[in-house]
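So you can see what is in the structure, the chains are spelled out below.
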Amino acid sequence: MKFKLILCLLLLIFINSLVAQTNRPTDYLSSDFHKSRREALRASMPKNSVAVFFSNAIRNRANDVEFVYHQDPNFYYLTGYKEPNAVLVIFSDLQTNDKGKTYNELLYVQKRNALAEQWTGKRLGVEGAQQQLGFELAMNGEEFIKNGINFADFDAVLFEAFKDDYRDNKRD
């Protein structure tokens, strides 16, 4: 009897994991769509310029309760990324890193953390951003400061003022 119960339990877990893997909505925008939006933006940027986009911040409601997270629509439109703590950098011209690799966009994402993910859900991480979102070059968020992009080298730095609270949207 115990054997049958354990076998049924294992079978249920297996079926549930199969359903969870195939339960992804089919109406999501494709990574090619988001890539085409980045290319269209890049085509409209002036020469020797860089555009920087930040994901929405997590909003605290009260003490340890947060509002349901909603990505900044502009950030999502360009990336397809639905998580907080991310930065997108788009260059008008090709850049070359210290390893000789050329790129024209960088996505900085939050680092995978098994302890945090058990409470807040699985994160894409660098590998997920590359595989699912189609970015050739993605890095962990802490690399944004370490990467050493010298924004003074560009003729124009394009960014939207970062609103970290609804009170920043004052209406006169």
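Keep in mind it's a predicted model, so treat the numbers as computed, not measured.

Engineer: Sorry, what's going on with the side chain of Ser92 here?
Structural biologist: Within the fold, Ser92 resides in strand 4 (residues 87–96). Ser92 gets classed as buried once you look at its relative accessible area, which sits at 15%. A distance of 3.2 Å separates a polar atom in the side chain of Ser92 from the backbone nitrogen of Asn48. At 2.9 Å, the side chain of Ser92 forms a polar contact with the backbone nitrogen of Ser49.

Engineer: Quick question: what am I supposed to make of the packing of aromatic side chains here?
Structural biologist: Between two aromatic rings, the relevant description is the distance of the centres plus the angle of the planes. One pass over the full model with this rule turns up five aromatic pairs. A centroid spacing of 5.8 Å and a plane angle of 80 degrees characterise the contact between Phe33 and Tyr77, whose relative ring orientation is edge-to-face. Highlighted residues: Phe33 in helix 2 (residues 31–44) and Tyr77 in helix 3 (residues 73–79), separated in sequence by 44 residues. For Tyr77, a relative accessible area of 39% corresponds to the partly exposed category. When the centroid spacing of 5.7 Å and the interplanar angle of 70 degrees are considered together, the rings of Phe91 and Tyr103 count as edge-to-face. Within this pair, whereas Phe91 is found in strand 4, its partner Tyr103 is found in strand 5 (residues 102–109), the two being separated by 12 residues in sequence. Every member of this aromatic cluster is reached through a ring pair, and the members are Phe91, Tyr103 and Phe154. Sitting above the plane of the Phe33 ring, Arg37 keeps its charged end 5.9 Å from the centroid.

Engineer: What am I meant to see in unusual backbone geometry here?
Structural biologist: Backbone phi values are negative for most residues with the exception of glycine, while trans is the configuration of most peptide bonds. The backbone phi angle of Asn48 is positive, close to 55 degrees, even though this residue is not glycine. A positive phi is found at Asn85, a non-glycine position, where the angle reads about 60 degrees. Along the polypeptide, Asn85 turns up in the loop between helix 3 and strand 4. Taking the relative accessible area as the measure of exposure, Asn85 reaches 47% and is therefore partly exposed.

Reading the values: rules and limits
- Residues numbered from 1 in each chain as written.
- Predicted model: local features only at pLDDT ≥ 70, side-chain atom pairs only at ≥ 80, totals over all residues.
- Heavy atoms only, no water.
- Helix = DSSP H or I, 4+ residues; strand = E, 2+ residues; numbered from the N terminus.
- Buried < 20%, exposed > 50% of the residue type's maximum accessible area, 1.4 Å probe, protein only.
- Polar contact = N/O pair within 3.5 Å; in protein donor to acceptor, adjacent residues only side chain to side chain.
- Phe/Tyr/Trp six-rings, centres within 6.5 Å; stacked < 30°, edge-to-face > 60°.
- Lys NZ or Arg CZ within 6 Å of the ring centre and 35° of its normal.

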